[in-house]
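# Geometric and topological summary
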Amino acid sequence: MITNFRRVLSLSTAMVVASTSLAFAEPSAELVEAAKKEGMLTTIALPHDWCGYGAVIDGFKKKYPEITVNELNPDAGSADEVEAVKANKDNKGPQAPDVVDVGLAFGPQMKADGLLQPYKVSTWDEIPDTVKDAEGFWYGDYYGVMSMIVNKDLVKETPKDWSDLLKADYAGQVALAGDPRASNQAILGVLAAGLASGAKAGTEAGEAGLKYFAELNKAGNFVPVIGKSGTLAQGSTPIVVAWDYNALSWKDTLAGNPPVDVIVPESGVLAGVYVQGISAYAPHPNAAKLWMEYLYSDEGQTAWLAGYCHPARFNAMSKAGKIPQALLDKLPPAASYEKAYFPTLEEVDANKAAVTGGWDKVVGANVQ
């Protein structure tokens, strides 16, 4: 399904979808009015330091002050988002999410389970076909690559690759940025480790990744704590495997206290796409659609880029000269992305099944 994924999304590629006048469209007055009448938007799993979401949410509030943004469980994983939609099918109150932002594998799953409703934003044609459902049930929003962020006060020699983390020098220091039984970020962190071993993407890499983390755990190097900027700074997780955009955002937030390194490993460079969707049971469906219009507008896409994410419309906006050079200059060197592997949807699904199904048995670390 996504065989040309890397060609479509690579930083070095030419624009593969034609720019259309739709890119300049504003949401209809009717939609804006209907959303304002609903007066609320309920989001879930959107930490403010993830992909620049703090600025994105602030931008939406500023543009539509009549709509209150109700933020549920910012630290939830993709599986938690799915369960929140399921659990609140008959609930029109503030605990029912209107929208989700989940890992690529979760979009088709939620569509199949009847948990999403279709909606095509006005910039639909500029979202690559390879990362969107043809009927509009889910659509790619941004991508990044798996990286490692290192607390330099506690780690004297920054690791360069996955194999380094198995060394005795890193005892009690390595963590994932999520629970690999529920968090897309952590699940794909395991896949990246498996790819670094030479395993083929999918079930094989998922199982190889589990074996790697079992070794890491047996060596005493793995810390079963969900890594965040706070745990990194406090020293409970001196090395965290996380998306590059999260690591770079944490680096900005920490502002040298402690000093940190952010590295893209030499092997197992994995790119990951997240997707948006509107709950089939959204209490505020019009506000949800307006939120999507904002996210996929020039303003929303640029805000994600400022948060170190590569937005879905990156190629179209780049070709149109819409991306400020200052933002491009803040991104890691393009060379860091040249080895990036974009797994197909089938490979992501197979890996997810292997990791979530085998973590407890193979690794046996209860990540919390």
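Residues numbered from 1 in each chain as written. Predicted model: local features only at pLDDT ≥ 70, side-chain atom pairs only at ≥ 80, totals over all residues. Heavy atoms only, no water.

### Topic: the side chain of Thr231
Looking at where Thr231 falls in the secondary structure, it is placed in helix α8 (residues 229-234). Here Thr231 is in contact with Val225, Ile226, Ser236 and Thr237, once residues within four sequence places are set aside. (Helix = DSSP H or I, 4+ residues; strand = E, 2+ residues; numbered from the N terminus. Contact = heavy atoms within 4.5 Å.)

### Looking at the nonpolar core
Ranked by internal contacts, the top residues of the largest apolar core, which has 91 residues, are Trp162, Phe213, Trp291, Met292 and Trp359. When residues in this core are grouped by element, the largest group, eight residues, is from helix α6 (residues 184-196). Ignoring sequence-local partners within four residues, the contact set of Met292 consists of Val99, Tyr119, Val121, Tyr139, Gln276, Gly277 and Ile278. Core analysis: the second largest hydrophobic core is formed by 20 residues, Ala45, Val85, Phe137 and Val275 among them. (Core = buried A, V, L, I, M, F, W, Y, C linked by side-chain atoms within 4.5 Å. Buried < 20%, exposed > 50% of the residue type's maximum accessible area, 1.4 Å probe, protein only.)

### Details of the state of the cysteines
Two cysteines, two sulfur atoms, one covalent bond between them: this is a disulfide. A full pass over the atoms with the stated rule returns one disulfide. Across a sulfur-sulfur distance of 2.0 Å, Cys51 and Cys309 are joined as a disulfide pair. Of this pair, Cys51 sits in the loop between β1 (40-44) and α3 (53-63) while Cys309 is found in the loop between α11 (298-306) and β10 (310-311), placing the two residues 258 residues apart along the sequence. Relative accessible area serves as the criterion here: at 0%, Cys51 is assigned to the buried category. Cys309 sits in the buried class, given a relative accessible area of 0%. (Disulfide = S-S within 2.5 Å.)

### Quick look at the pattern of salt bridges
Applying the stated criterion to the full structure yields 13 salt bridges. Salt-bridge contacts for Glu83 lead to Lys86; the nearest nitrogen and oxygen are separated by 3.8 Å. A residue pair is termed a helical-turn pair when its members lie 3 or 4 positions apart in one helix, as Glu83 and Lys86 do in helix α4 (residues 78-87) at three residues. A salt bridge links Arg181 to Asp179; its shortest N-O distance comes to 2.9 Å. You can call Arg181 partly exposed: its relative accessible area is 24%. (Salt bridge = Lys/Arg side-chain N within 4 Å of Asp/Glu carboxyl O.)

### Some thoughts on the side chain of Ser183
In this structure, Ser183 sits in the loop between β6 (174-176) and α6. Under the relative-accessibility criterion, Ser183 is labelled buried at 10%.

### Observations concerning the packing of α6 against helix α7 (residues 203-218)
Two quantities define a packed helix pair, namely the angle between the helix axes and the distance between the axes. Closest axis-to-axis distance for the α6/α7 pair is 7 Å, and the angle between their directions is 95°. On the basis of the axis angle, α6 is roughly perpendicular to α7. Of the residues in α7, those touching α6 at Gly189, Val190, Leu191, Ala193, Gly194 and Leu195 are Ala205, Gly206, Ala208, Gly209, Leu210, Tyr212 and Phe213. Per-class residue counts for the contact of α6 with α7 are nine nonpolar, four polar and no charged. (Axes fitted to C-alpha atoms, helices over the stretch in contact; angles between N-to-C directions. Parallel < 35°, antiparallel > 145°, perpendicular 65-115°, else oblique. Nonpolar A, V, L, I, M, F, W, Y, C, P; charged D, E, K, R; others polar.)

### Concerning the packing of aromatic side chains
In the structure shown here, the tally under the stated rule is 20 aromatic pairs. Aromatic pair Phe213 and Trp359: ring centres 5.9 Å apart, planes at 50°, arrangement tilted. Remark: Trp359 occurs in helix α14 (residues 345-362) and Phe213 occurs in helix α7; sequence separation between them is 146 residues. A single burial state applies to Phe213 and to Trp359, both of which are buried. Ring geometry for Phe222 and Trp359: centres 5.9 Å apart, planes at 65°, overall edge-to-face. With Phe222 in the loop between α7 and α8 and Trp359 in helix α14, this pair connects stretches of sequence that are 137 residues apart. Classification of Phe222 as buried rests on a relative accessible area of 5%. Given a relative accessible area of 0%, Trp359 falls into the buried group. Members of the aromatic cluster, each reached through a chain of ring pairs, are Trp50, Tyr53, Trp124, Tyr139, Tyr142, Trp243, Tyr245, Tyr274, Tyr296 and Trp304. One residue, Lys352, lies across the ring of Phe106, its end atom 4.2 Å from the ring centre. (Phe/Tyr/Trp six-rings, centres within 6.5 Å; stacked < 30°, edge-to-face > 60°. Lys NZ or Arg CZ within 6 Å of the ring centre and 35° of its normal.)

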